Amino acid sequence: MVLTLRLASGLLAAATAVSATSWLPDIVTRDVAIIGGGASGAYAAIRLKEDFKKSIVLVEKAGRLGGHVSTYDDPKTGTPFDFGVQSFNDYGPARAFFERMGVAVGAAPRVALTSKYADFSSGAAVDFTPPSNEDRVAALGRFLNATAAYEEYFLPGYWNFPAPGKIPEDLLLPFGKFVEKYQLHAAVNQVFQITGMGTGDMMNALTLYVLGAFGQPMIRAFLGQGATFTPTSRRNIALYEAIQSRLGNDVLLNTESASGKVTIILARRLLMAIEPTPSNMAPFGLDLVEQSTFSKFRYSSIHAGVVSHPSLPRNVSLVNTPRAASPANYVALPKPNFNVRFDYLGGNSDLFRVLMVGDEQFDKAKAQAQVRQDFARLMKQGTVQPKTADPGGELEFRAWADHGAMHMNVPAKELKSGFIQKLYALQGRRDTWWTGGAFSVQFQAILWAFDDILLPKMFEKGGW
């Protein structure tokens with residue numbers, strides 16, 4: 001458990017649980033304490049330490065850095081499989097940051113899979129015909145043309161977001177209506193299957209937030225106008241292993257463990273790099289303004305996992321597709337809570353990736369239970385055929401990553417009442433600064449570009 005008290009200036013934090021027999025704390029004094037070692041926090045730690053010459057401490061509840069980046073090293077073969085973040089957009093500082101960390105990169109690999117469609121709620125196969133490549137590309141082009149003028153409003157952050165009363169109507173439309181307005185039907189399935197699914201009920205999500213999940217850099221990548229890449233090692237986690245090594249003792253890991261050790265951190269600035277959900281914020285003594293602002297947020301809960309079963313078909317992506325999508329209804333999509341698909345991971349393995357999207361109460365237990373139920377239904381309906389008379393027993397979970405709250409959003413009425421401006425007014429308040437997906441979007445490279453703008457602002461008033 002992380003125990004934290006925010007003072008009028010600086011931070012007093014106990015980074016691990018208090019023990020009745022070992023309560024004398026270690027005391028760490030730093031210029032900046034960073035809470036959260038995902039994309040935003042880890043990048044900020046490197047920049048603050050090496051470029052701004054500030055002393056830092058990075059506090060992370062998990063046993064490693066990297067947040068949504070998850071790599072499973074198969075003990076059977078030694079082959080790495082990325083089952084969280086799949087690739088990195090070549091945006092802003094991304095490529096240069098990998099070079100700085102000494103991690104070689106190359107074009108993002110694609111495993112060629114045959115898509116098969118099934119309604120996971122019943123287990124039955126679905127006769128679905130996806131749009132032609134020509135129609136898909138044309139729709140993506142219309143999507144980019146319709147939204148290019150809005151990119152500056154939210155990438156890499158909302159500093160230029162229009163004032164209430166001047167927000168473009170398009171951004172406040174439910175995405176389904178936006179699709180109808182610009183005839184984007186042939187692009188919907190790809191938007192959803194790649195990253196848009198994280199918004200949950202995507203067709204009813206505001207277009208602003210769908211663009212946060214599948215925005216202009218991603219559209220350009222799929223139109224051949226931009227690029228994505230991965231480490232040549234095919235281990236996305238290699239970047240964060242390099243960061244962790246570089247930061248050394250300035251990183252505190254496993255800070256929710258009840259080890260009995262107490263660490264008190266005294267810092268002049270606090271950089272929050274975690275999502276401002278009620279559970280995340282509980283230790284930090286929010287004031288009424290912060291509580292009121294953050295209480296408006298809604299979000300999805302996302303999980304990614306690696307599973308195995310001998311009956312799952314290799315070289316196949318088994319895609320969750322509602323029966324209403326047959327034969328070619330592109331806007332019929334699963335509703336939360338759902339498993340996006342069973343994706344074969346390749347490498348002559350027996351491994352499949354699952355990606356779970358749910359509501360705010362969708363925890364690991366619920367997500368794994370749903371994976372098992374989906375698989376059982378697929379088996380019962382014969383959509384997944386046993387390879388032998390013995391179907392191989394239970395579905396096996398090889399790895400799991402709880403990505404927690406993602407794609408934080410507010411209703412249109414809150415945006416019209418100045419929510420973005422109120423949110424950004426929290427920057428610097430009580431010597432606290434905020435980064436991460438709630439203040440930008442969920443893409444790693446864009447979060448790094450956000451940090452590049454934010455970090456100098458931490459030092460503009462009052463100096464050091």
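Residues numbered from 1 in each chain as written. Predicted model: local features only at pLDDT ≥ 70, side-chain atom pairs only at ≥ 80, totals over all residues. Heavy atoms only, no water.

## Notes on the sheet that holds strand β10 (residues 124-125)
Keep this limit in mind: Whether two strands pair depends on DSSP finding at least two bridges between them. Secondary structure counts use DSSP, requiring at least four H or I residues in a row for a helix and at least two E residues in a row for a strand, with both numbered from the N terminus. In what follows, a contact means two residues having at least one pair of non-hydrogen atoms within 4.5 Å. Here an angle of 0 to 180 degrees is reported between the N-to-C directions of two axes, which are lines fitted to C-alpha atoms, with helices fitted over the stretch in contact.
If you trace the seven strands from one edge of the open sheet to the other, you get β10-β9-β15-β16-β17-β14-β18, paired in mixed fashion. What marks the edges here is a single partner per strand, and that holds for β10 and β18 (396-409). Here helix α13 (residues 364-380) sits on the sheet in contact with β9 (114-119), β14 (298-308), β15 (316-320), β16 (338-344), β17 (352-358) and β18, set at roughly 120 degrees to β18.

## Some points on the nonpolar core
Counted only if it meets this: In this description, a nonpolar core means a group of buried Ala, Val, Leu, Ile, Met, Phe, Trp, Tyr and Cys residues linked to one another through side-chain atoms lying within 4.5 Å. Exposure categories follow from relative accessible area, calculated using a 1.4 Å probe and restricted to protein chains: below 20% of the type maximum is buried, above 50% is exposed, and the middle band is partly exposed.
With 127 residues, the main nonpolar core has Tyr240, Ile243, Leu271 and Trp448 as its most contacted residues. Looking at which element gives the most residues to this core, the answer is helix α16 (residues 444-457), with eight residues. If we skip the residues at most four places from it in the chain, Trp448 touches Ala39, Tyr43, Phe88, Pro93, Ala94, Phe97, Phe98, Leu239 and Tyr240. Counting residues in hydrophobic clusters, the runner-up holds 19 residues, among them Phe120, Tyr344, Val371 and Leu378.

## Notes on the pairing of β17
Of all seven residues in β17, seven are buried; the element is thus mostly enclosed. Burial along β17 is two-sided: the residues Phe352, Val354, Met356 and Gly358 and Arg353, Leu355 and Val357 are all buried. Sheet analysis places β14 next to β17, joined by seven bridges and oriented antiparallel. Looking at β17, one finds that Ile302 is bridged to Val357. The pairing of β16 with β17 spans five bridges and is classified as antiparallel. Bridging across to β17, Asp343 finds its partner in Arg353.

## A word on unusual backbone geometry
Cis rather than trans, the peptide bond between Ser326 and Pro327 has omega equal to 0 degrees. Looking at where Pro327 falls in the secondary structure, it is placed in the loop between β15 and β16. Between Pro336 and the following residue, Asn337, the backbone shows a cis peptide bond with an omega angle of 5 degrees. Within the secondary structure layout, Asn337 lies in the loop between β15 and β16. The phi dihedral of Asn315 is positive, around 60 degrees, even though this residue is not glycine. In this structure, Asn315 sits in the loop between β14 and β15.

## Some points on α16
The test is simple: By definition here, a helix of n residues has an expected span of 1.5 Å times n minus one.
For α16, with 14 residues, the first-to-last C-alpha span of 20 Å sits near the 20 Å given by 1.5 Å per residue. Extensive coverage of α16 is indicated by the burial of ten of its 14 residues. Among the residues making up α16, those that are buried are Gln444, Ala445, Ile446, Leu447, Trp448, Ala449, Phe450, Asp451, Leu454 and Leu455.

## Remarks on the pattern of salt bridges
Note the threshold: Each reported salt bridge corresponds to a side-chain nitrogen of Lys or Arg within 4 Å of a carboxyl oxygen of Asp or Glu.
Counted under the stated rule, the structure contains 20 salt bridges. Ionic pairing is found between Asp51 and Arg100, a salt bridge with its closest N-O pair at 2.7 Å. Of this pair, Asp51 sits in helix α1 (residues 39-51) while Arg100 sits in helix α2 (residues 94-100), placing them 49 residues apart in sequence. A relative accessible area of 29% places Arg100 in the partly exposed class. Ionic pairing is found between Lys181 and Asp170, a salt bridge with its closest N-O pair at 2.7 Å. Placement of Lys181 in helix α6 (residues 175-182) and of Asp170 in helix α5 (residues 169-172) is noted, with a sequence separation of eleven residues between them.

## Quick notes on the sheet that holds strand β7 (residues 88-89)
Strand order in the open sheet made by the three strands is β7-β11-β8, with antiparallel pairing throughout. Among the strands making up the open sheet, the edge pair consists of β7 and β8 (105-107). By the bridge criterion, two bridges tie β7 to strand β11 (residues 228-231) in an arrangement that is antiparallel. Residue Phe88 lies in a different strand from β11, and its bridge partner there is Phe229.

## Describing the packing of α1 against helix α10 (residues 238-247)
The test is simple: We call two directions roughly parallel when the angle between them is under 35 degrees, roughly antiparallel when it is over 145, roughly perpendicular when it lies between 65 and 115, and oblique otherwise. Here a crossing is taken to be left-handed if its near helix is turned anticlockwise relative to the far helix by less than a right angle, and right-handed if that turn runs clockwise. Residues are grouped as follows: Ala, Val, Leu, Ile, Met, Phe, Trp, Tyr, Cys and Pro are nonpolar; Asp, Glu, Lys and Arg are charged; every other residue, Gly included, is polar.
Packing of α1 against α10 brings their axes to within 11 Å, and their N-to-C directions diverge by 40 degrees. What the angle tells us is that α1 and α10 run oblique. Handedness of the crossing formed by α1 with α10: left-handed. For the pair α1 and α10, contact is made by Ala39, Ala42, Ala45, Ile46, Lys49 and Glu50 and by Tyr240, Ile243, Arg246 and Leu247, respectively. Each residue belonging to the contact of α1 with α10 can be placed in one class, and the counts come to seven nonpolar, no polar and three charged.

## Focus: the pairing of strand β4 (residues 56-59)
Basically, it comes down to this: Seen with its strands pointing away from the viewer, a crossover is right-handed when the path leading from the first strand over the helix to the second is clockwise.
Side chains Ile56 and Leu58 project from β4 onto one buried face, and the interleaved Val57 and Val59 project onto a second face that is buried too. Across four bridges, strand β3 (residues 26-35) lies against β4 in parallel orientation. By the bridge assignment, Ile34 is partnered in β4 with Leu58. Handedness of the crossover joining β3 and β4 through α1 is recorded here as right-handed. Bridge count for β4 against strand β12 (residues 251-252) is two bridges, and the pairing is parallel. Considered in β12, the bridge of Leu58 is made with Val251.

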